[in-house]
Amino acid sequence: MPQMPPAHPFDDDKLREECGVFGVVGVQDAANFVALGLHALQHRGQEAGGIVSHDPAEGFNSVRRFGYVRDNFTSQDVMATVPGPLAIGHVRYSTAGSKGQTAIRDVQPFFGEFAMGGAAIAHNGNITNANALRRELIERGSIFQSSSDSECIIHLMARSMGRSIPDRMEEALRKVEGAFSVVAMTRTKLIGVRDPLGVRPLVLGKIGDGYALSSETCALDIIGAEFIREIKPGEMVVINDEGVQSHFPFRPQPSKFCIFEHVYFSRPDSILGGRSVYETREAIGRELAKENPVDADLVCPVPDSGTPAAIGYSLESGIPYAMGIIRNQYMGRTFIEPTEQIRNMGVRLKLNVNRALIEGKRVILVDDSVVRGTTSRKIKEMILDAGAKEVHFRIASPPTAWPCFYGVDTPDRDKLLAASMSEEQMAEHLAVDSLKFISLDGLYRAVGQFQGRDKACPQYCDACFSGEYPVTPSDMIDRGFEMKPAAE
């Protein structure tokens, strides 16, 4: 089966969030609202999407498609197949499951028929003991339809003796390790659950007489829902005609929200932990300028993800901000089959240098991260080709030296530049005049932890920077992954 190209065929050099989830109850044609919500969450998954709805007269219905929401869930004919006042949806990249070769059966939400009725489930995150659970379930007679780790939850629910579907879900999720923000539905209820560490986000909104659950607040805005609050780590909410019931089925643990959500994954118009993502990214840029000043003529973002941090760097340093690189907004996944010749054009199809601005200038380029370094190198070459005098990279996150196992598509450790090189070696490898990253403490200060990182008990999950994993990635260790030594 041919590999699907990445969302931007020339840029597999970014970490990618695995998926987004959205659900609505208590509104007419709920699936239409879900489609709009998924459209706002498209940045969290561009490979495929699915919607399941329930209608009292027609029962459960579902639609699953590859590609963008706008190409699949905007036709009246398609949306007419998912009627009813209750629906959930999911957009995905593949992390667990077949990478780049997704079968339609891997596309969520997953559906199961139980003794007390049907249920559908959409999951954002990654189950770190999925292989062990899967082996055990198959030995006991479960028949899996997909290669996704999320399907384990449905099978665990089927084996539970719980008297209601929420009870069964609770029991299933107690056996699951890793990160999960789940949006699920029965015939009458919308259910939301976050894992005890709260690694991935989930928020609650109110729309008319109904409610919405979403990965991010920006998707509530698009349907005109009022943001009520975040679902708390370890919390389960069950929403029906009577309103929202909340309880905490898991043993309380210190929260470990993913700090990279603040740096890159979430949209800048979302609110996380009571803070505007945009303002946090601007604060990261200010902190970066304090820690790593340099004499230069212009501060330029690598669009679009570097923009708020570049504005912060400019404001703090007093060096003018400029759009030195212009992004082609119409660079879709199906533009041209990426042949070798086209690949050699590389980043130029997506980004172009504003030559008149850059020529003869000392330029600070601000980006959110360096993963493999391939894109950074190409951008630097484009800037020098345009006549820049000096190129200085400033990165709005610490060096990414470890893979994520909690719902982010990360290369193997040996493909991460920072896993084998120091900051100086990376600067030499990229052939730039200087390369500096924000410190881990600086990042913590920028997200509101003004004392910096608590080494004894970090306030966030920062495993991709520190190598300190809050949940042991047991499946990966079984495959030979080596954890960071405790003394390091």
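Thresholds applied
- Residues numbered from 1 in each chain as written.
- Predicted model: local features only at pLDDT ≥ 70, side-chain atom pairs only at ≥ 80, totals over all residues.
- Heavy atoms only, no water.
- Helix = DSSP H or I, 4+ residues; strand = E, 2+ residues; numbered from the N terminus.
- Buried < 20%, exposed > 50% of the residue type's maximum accessible area, 1.4 Å probe, protein only.
- Contact = heavy atoms within 4.5 Å.
- Salt bridge = Lys/Arg side-chain N within 4 Å of Asp/Glu carboxyl O.
- Polar contact = N/O pair within 3.5 Å; in protein donor to acceptor, adjacent residues only side chain to side chain.
- Pairing = 2+ DSSP bridges.
- Axes fitted to C-alpha atoms, helices over the stretch in contact; angles between N-to-C directions.
- 1 Å grid on protein atoms, 1.4 Å probe; cavity = no way out; pocket = protein on both sides within 12 Å on 5 of 7 lines; lining within 4 Å.
- Points joined across faces, edges and corners; volume = space filled by probe spheres on them.
- Nonpolar A, V, L, I, M, F, W, Y, C, P; charged D, E, K, R; others polar.

Let us look at the environment of Ala-419. Along the polypeptide, Ala-419 turns up in helix α14 (residues 417-420). For Ala-419, a relative accessible area of 26% puts it in the partly exposed group. Between the alpha carbons of Ala-419 and Gln-329 there is a distance of 32 Å; along the sequence they are 90 residues apart. In contact with Ala-419, other than residues within four places in its own chain, are Ala-401 and Arg-413.

This next bit is on the pattern of salt bridges. Applying the stated criterion to the full structure yields 20 salt bridges. With its nearest N and O atoms 3.8 Å apart, the salt bridge here joins Glu-282 to Arg-286. Taken together, the residues Glu-282 and Arg-286, both in helix α9 (residues 277-291) and 4 residues apart, mark about one turn of the helix. Among the ionic pairs, Arg-286 bridges to Glu-316, the shortest N-O distance being 3.5 Å. Note that Arg-286 is positioned in helix α9 and Glu-316 in helix α10 (residues 307-317), a separation of 30 residues in sequence. On the basis of relative accessibility, which here comes to 34%, the residue Glu-316 falls in the partly exposed class. Through salt bridges with shared partners, a single network forms among Arg-44, Arg-200, Glu-216 and Glu-261.

With respect to the secondary-structure elements, Ser-215 resides in the loop between β11 (210-214) and α7 (217-222). There is a polar contact of 2.9 Å between the side chain of Ser-215 and the backbone nitrogen of Val-21. Look past the residues within four positions of Ser-215 in its chain and what remains in contact with it is Gly-20, Val-21, Leu-41, Arg-44, Asn-124, Pro-201 and Leu-202.

The next subject is helix α1 (residues 30-40). One turn of an α-helix holds 3.6 residues; hence residues three or four places apart share an orientation. What α1 keeps buried is the set Ala-30, Ala-31, Val-34, Ala-35, Gly-37, Leu-38 and Ala-40. For α1, the secondary structure elements touched by its buried residues are β2 (19-25), β3 (48-55), α2 (69-72), α3 (76-79), β5 (86-92) and α7.

Spatial strand order, β6-β7-β8-β9-β13-β14: 6 strands in an open sheet with antiparallel pairing. Whereas interior strands pair on both sides, the edge strands pair on one side only; in this sheet they are β6 (110-114) and β14 (243-247). Strand-to-strand twist of the sheet, defined as the mean angle between neighbouring strand axes without regard to direction, takes the value 20 degrees. Here 4 bridges tie strand β9 (residues 190-194) to strand β13 (residues 236-240), and the two strands are oriented antiparallel to one another. Within β13, the position partnered with Ile-191 by the bridge is Val-238. Contacts from helix α5 (residues 151-159) reach β6, β7 (117-127) and β8 (178-185), with the element oriented near 5 degrees to β6.

Next up on the list: empty space enclosed by the protein. Using the criterion set out here, one finds 3 cavities of 30 Å³ or more in the structure. The computed volume of the largest cavity comes to approximately 100 Å³. As for the largest cavity, its lining consists of 14 residues, of which Cys-258, Phe-260, Cys-404, Cys-461 and Cys-464 are closest to the centre. Contributing elements (two or more residues each) for the lining of the largest cavity: α8 (260-265) and α17 (463-466). Residue classes in the lining of the largest cavity are distributed as 12 nonpolar, no polar and 2 charged.

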